[in-house]
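# Commentary on secondary and tertiary structure
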Amino acid sequence: MKHKPFGTGGAGVSVIGQGTWYLDHADRRRAITTLQRGLDCGMSHIDTAEMYGEAELVIAEAIAGRRDEVFLVSKVLPSNASRKGTITACERSLKRLRTDRLDCYLLHWPGSYALEDTVAAFEQLKAAGKIKSWGVSNFDIDDLDELLDVAGEGQIACNQVLYHLQERAIEHAVIPWCDQHGVAVVAYSPFGHDDFPEPRSPGGEVLQRIAAQHAATPRQVALAFLTRAPSLLAIPKASRPEHAEQNAAAGGIALTEADIAVIDRAFPRGPKPRGLPML
């Protein structure tokens, strides 16, 4: 499993991590086993959020006795992101996760509270040792510019955004902005939302051909493409241990420039949208 810095001067984090949205909808024991298998395979980055129902409780069971192996990330809802509310939400997540610290804490999307207040809370949590870094999710470049004015260079660890083969809007401006300012880009829903290319579709056939050349699967090729640049990481969700193993194996695939060019043509990024796509 390859590792990449999580922001400027940040810790090295597995390029493929584990998403947990809707984790609480699955069989609990299987969800725990799947997360543990992912850790066994090197996917140390586990992402969750207070919005994800019981996911934090499931993760707590999965990482019991293994906390030091994990790069653990959670998120505060914008409706809780006042200075006091952010601290309270973080402490609530820590209790549910049964840990004394988060490796990164994110604002889930831009909200109505002043970023100055949220950032002040993040810095207070860092000073107390309750979080090691902080970042954001679903921030477009206007939001990122505003945040940079508040926080300064080198403070924003990551921007977690929607990114998959059929939704490449962040390549227009968000990825270049993050590259310029040393911010990691974490792709959520990297297989799309129930719309991964069908095997017999033109794009699906391209993925299958490249996968055959690398003794891989189309989904592994997709993950390799989405993490091809130094700042890019991905957090696919796995429903079974064997799916976790397959996701982890994508972290060792090295696509050629020719592979990347073919995928780029098969899944064009399209025009720059007016707003940042998100789920």
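Heads up: these notes are all about the structure in this document. Values in this document were obtained by computation on a predicted structure and should not be read as measured data.

## A closer look at helix H2 (residues 55-62)
- Most of H2 is tucked away, with 6 of its 8 residues classed as buried.
- Turning to H2, its buried residues number three or more, namely Ala-55, Glu-56, Val-58, Ile-59, Ala-60 and Ala-62.
- Summarising the contacts, the buried residues of H2 are in contact with helix H1 (28-40), strand S3 (45-47), strand S4 (71-76) and helix H3 (83-97).

## Considering the pairing of strand S6 (residues 134-137)
- Because side chains alternate across S6, one face comprises the buried residues Trp-134 and Val-136, and the other comprises Gly-135 and Ser-137, equally buried.
- Note: strand S5 (residues 104-107) against S6, 3 bridges, orientation parallel. What sits directly across from Tyr-105, in S6, is Trp-134.
- Taking the sense of rotation as the criterion, the β-α-β connection linking S5, helix H4 (residues 115-127) and S6 turns out right-handed.
- Note that the unit made of S6, helix H5 (residues 141-151) and strand S7 (residues 156-162) has a crossover that is right-handed.

## Focus: the sheet that holds strand S9 (residues 232-234)
- Here 7 strands make up an open sheet; going across it, the order is S3-S4-S5-S6-S7-S8-S9 and the pairing parallel. Looking along the sheet, the strands with just one partner apiece sit at the ends: S3 and S9. Strand-to-strand twist across the sheet, computed as the mean angle between neighbouring axes with direction ignored, equals 25°.

## Examining the state of the cysteines
- If you walk through the whole model with that rule in mind, you get 0 disulfides.
- Just so you know, Cys-104 is unpaired, no disulfide at all, and the nearest cysteine sulfur is the one on Cys-158, 4.6 Å from it.
- The thiol sulfur of Cys-178 is not disulfide-bonded, and the nearest other cysteine sulfur, from Cys-158, lies at 8.7 Å.

## What to know about a negative patch on the surface
- On the surface, Glu-116, Asp-117, Asp-142, Asp-145, Glu-146 and Asp-149 cluster together into a negatively charged patch.
- When residues of the negative patch are traced back to their parent elements, those giving at least two are H4 and H5.
- When residues of the negative patch are assigned to their parent elements, the largest contribution, 4 residues, is made by H5.

## Details of the packing of aromatic side chains
- Within this structure, the stated rule accounts for 6 aromatic pairs.
- Ring pairing ties together the aromatic residues Trp-21, Tyr-22 and Tyr-52, which thus form one cluster.
- Over the ring of Phe-191 we find Arg-219; its NZ or CZ atom is 4.8 Å from the centre of that ring.
- Its end group placed over the ring of Phe-225, Arg-228 keeps NZ or CZ at 3.9 Å from the ring centre.

## Some points on the pairing of strand S8 (residues 184-188)
- Most of S8 is tucked away: 5 of the 5 residues are buried.
- Here S8 shows two buried faces, one formed by Ala-184, Val-186 and Tyr-188 and the other by Val-185 and Ala-187.
- Bridge analysis of S7 against S8 gives 5 bridges, and the strand direction is parallel. Its bridge partner being in S8, Cys-158 is matched across the sheet by Ala-184.

Criteria and cut-off values
Residues numbered from 1 in each chain as written. Predicted model: local features only at pLDDT ≥ 70, side-chain atom pairs only at ≥ 80, totals over all residues. Heavy atoms only, no water. Buried < 20%, exposed > 50% of the residue type's maximum accessible area, 1.4 Å probe, protein only. Helix = DSSP H or I, 4+ residues; strand = E, 2+ residues; numbered from the N terminus. Contact = heavy atoms within 4.5 Å. Pairing = 2+ DSSP bridges. Right-handed = clockwise from strand over helix to strand, strands pointing away. Axes fitted to C-alpha atoms, helices over the stretch in contact; angles between N-to-C directions. Disulfide = S-S within 2.5 Å. Patch = residues over 30% accessible without salt bridge, like charges linked within 9 Å, V, L, I, M, F, W, Y side chains within 5 Å. Areas by Shrake-Rupley, 256 points an atom, 1.4 Å probe, with all protein chains shown as cover. Salt bridge = Lys/Arg side-chain N within 4 Å of Asp/Glu carboxyl O. Lys, Arg positive; Asp, Glu negative; His and termini not counted. Charge placed at Lys NZ, Arg CZ, Asp CG, Glu CD. Phe/Tyr/Trp six-rings, centres within 6.5 Å; stacked < 30°, edge-to-face > 60°. Lys NZ or Arg CZ within 6 Å of the ring centre and 35° of its normal.

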